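Residue-level structure breakdown
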Amino acid sequence: MKKVFGSAQEALDGLLHDGMFIAAGGFGLCGIPELLLQAIKEAGTKDLTFASNNAGVDDFGIGILLQTRQVKKMISSYVGENAEFMRQYLSGELELEFNPQGTLAERMRAGGAGIPGFYTKTGVGTVIAEGKEHKDFRGETYIMEEGIFADIAIVKAWKADETGNLVFRKTARNFNAPAATCGKICIAEVEEIVPTGSLDPDSIHLPGIYVHRLIQGDHEKRIEQRTVQGA
């Protein structure tokens, strides 16, 4: 089966529809699928729900889709660094489902493993627990969280071979691996595609069985907060 496509637009062809649920990898601006996000913006797909650690910044990452009002709901852990995200949420224009960071990662991982729900102590006694099932185990109270099952997953990796085996670079692995597994279709953008068999099997971070479509492209690699030492 062909997995390598010539562009983000080609890789998303036939997959996008209004009201869909997308899981996106990345943490801040590190390891975000920027080419695929730009293609979604250009396609004009709207009423989207995104499961992502955050929404980028105002003019990069998922932030570009907030600017065009294409996002209906965010399932996120962090909403800082994005004034438009904050404005839309506080004005009631954007639905927001807060998740503790570890819970969000585990919800993605659970969806990828076919697990519909799991219990965790994180969030017990807080607004996170409101409306969720509570259950006691060994004298401790837990809440149930649901696995995430997305229509598509979009992720960013460093290298891939032609069968879709992925290698992430350092902290850019972040949410990409669990996000990739929880979509019915996973599209990955990478910096380099190498011949099948050239990657060390022990160095592969995500097996190609999870990846359905691939693109290679140039990436901007912005720094979210640049801190330098004064002269």
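In case you missed it, the structure is sitting above this.
Here, residues in each chain are numbered from 1, in the same order as that chain's written sequence. Residue-level local features of this predicted model are given only where pLDDT is at least 70; pairs of side-chain atoms are given and counted only at 80 or more, and the full residue set underlies all totals for whole chains, interfaces and linings. Think of the side-chain values as coming from all heavy atoms in the structure, minus any hydrogens and water.

Before going further, it helps to examine the pairing of strand 7 (residues 140-146). Strand pairing is assigned whenever DSSP identifies at least 2 bridges connecting the two strands. Where helices and strands are cited, they refer to DSSP runs of H or I of at least four residues and of E of at least two residues respectively, numbered from the N terminus. Of the strand pairs in this sheet, strand 5 (residues 117-120) and strand 7 are connected by four bridges, and their pairing is antiparallel. Bridging across to strand 7, Gly117 finds its partner in Glu146.

To continue, consider the side chain of Thr103. As for its placement among the helices and strands, Thr103 is situated in helix 5 (residues 101-112). Burial status follows relative accessibility: with a 1.4 Å probe on protein chains alone, a residue under 20% of its type maximum counts as buried, one over 50% as exposed, and anything between as partly exposed. The class of Thr103 is buried, set by a relative accessible area of 5%.

This part takes up the pattern of salt bridges. Here a salt bridge means any side-chain nitrogen of Lys or Arg lying within 4 Å of a carboxyl oxygen belonging to Asp or Glu. Counted by the stated rule, this structure contains 12 salt bridges. Note that Asp18 and Lys46 form a salt bridge whose closest N and O atoms lie 2.8 Å from each other. With a gap of 28 residues between them, Asp18 in the loop between helix 1 (8-12) and strand 1 (21-24) and Lys46 in the loop between helix 2 (34-43) and strand 2 (48-51) connect regions that are remote in the sequence. Note on Lys46: relative accessible area 40%, which makes it partly exposed. Between Arg107 and Glu97 there is a salt bridge, with the nearest N and O atoms lying 2.9 Å from each other. Of this pair, Arg107 sits in helix 5 while Glu97 sits in strand 4 (residues 95-98), and the two are 10 residues apart along the sequence. Each of Arg69, Glu84, Arg87 and Glu93 takes part in one network of salt bridges that share partners.

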